[in-house]
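Given next are the chains, with one letter for each unit.
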Amino acid sequence: MAGTVDDISGMSELQASTARSGYRVRLADGKWHDVPNFALIDPKTNKLGYAVVWLIPATFDIHCFLPGAGG
């Protein structure tokens, strides 16, 4: 689901990589989590059609996110 995108124009490279990408996902903990820019994978590579999120289970940190066909 799309959310708020951070304006990265005035940010350092490190700040820009951890900025919000505009996507949010609801994880097993029942909370919505912002997807950081560094975790995004090009949606054109998605052959599944649905969104996929890879995370670090113990902390619910999002490692990679592949948006679904609808963006």
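Each value, and the rule that gives it
Starting afresh in each chain, residues are numbered from 1 along the sequence in its written order. Reporting in this predicted model follows two pLDDT cut-offs: at least 70 for local features of residues, and 80 or more for side-chain atom pairs to be given and counted; totals over whole chains, interfaces and linings ignore these cut-offs and use all residues. Water and hydrogen atoms were dropped before computing side-chain values, which therefore reflect all heavy atoms in the structure. Elements are defined by DSSP. Helices are runs of H or I of four residues or more, strands are runs of E of two residues or more, and each kind is numbered from the N terminus. Remark: exposure states derive from per-residue accessible area (1.4 Å probe, protein chains only) relative to the maximum for the residue type, with buried under 20%, exposed over 50%, and partly exposed in between. We call Phe, Tyr and Trp rings a pair once their centres come within 6.5 Å, taking the six-membered ring for Trp, and we label the pair stacked below 30 degrees between planes, edge-to-face above 60, and tilted otherwise.

Caption draft 1: Layout of unusual backbone geometry. With phi around 60°, phenylalanine 60 is a residue other than glycine that occupies positive phi space. Relative to the elements of secondary structure, phenylalanine 60 occurs in the loop between strand S4 (52–56) and strand S5 (61–66). On the basis of relative accessibility, which here comes to 25%, the residue phenylalanine 60 falls in the partly exposed class.

Caption draft 2: Geometry of the packing of aromatic side chains. Going through the model one piece at a time under the given rule, you end up with 1 aromatic pair. Centre to centre, the rings of tyrosine 23 and phenylalanine 65 are 5.3 Å apart; their planes meet at 50°, and the pair counts as tilted. Placement of the pair is tyrosine 23 in strand S2 (residues 20–26) and phenylalanine 65 in strand S5, with a sequence separation of 42 residues. The buried category is assigned to phenylalanine 65, whose relative accessible area is 3%.

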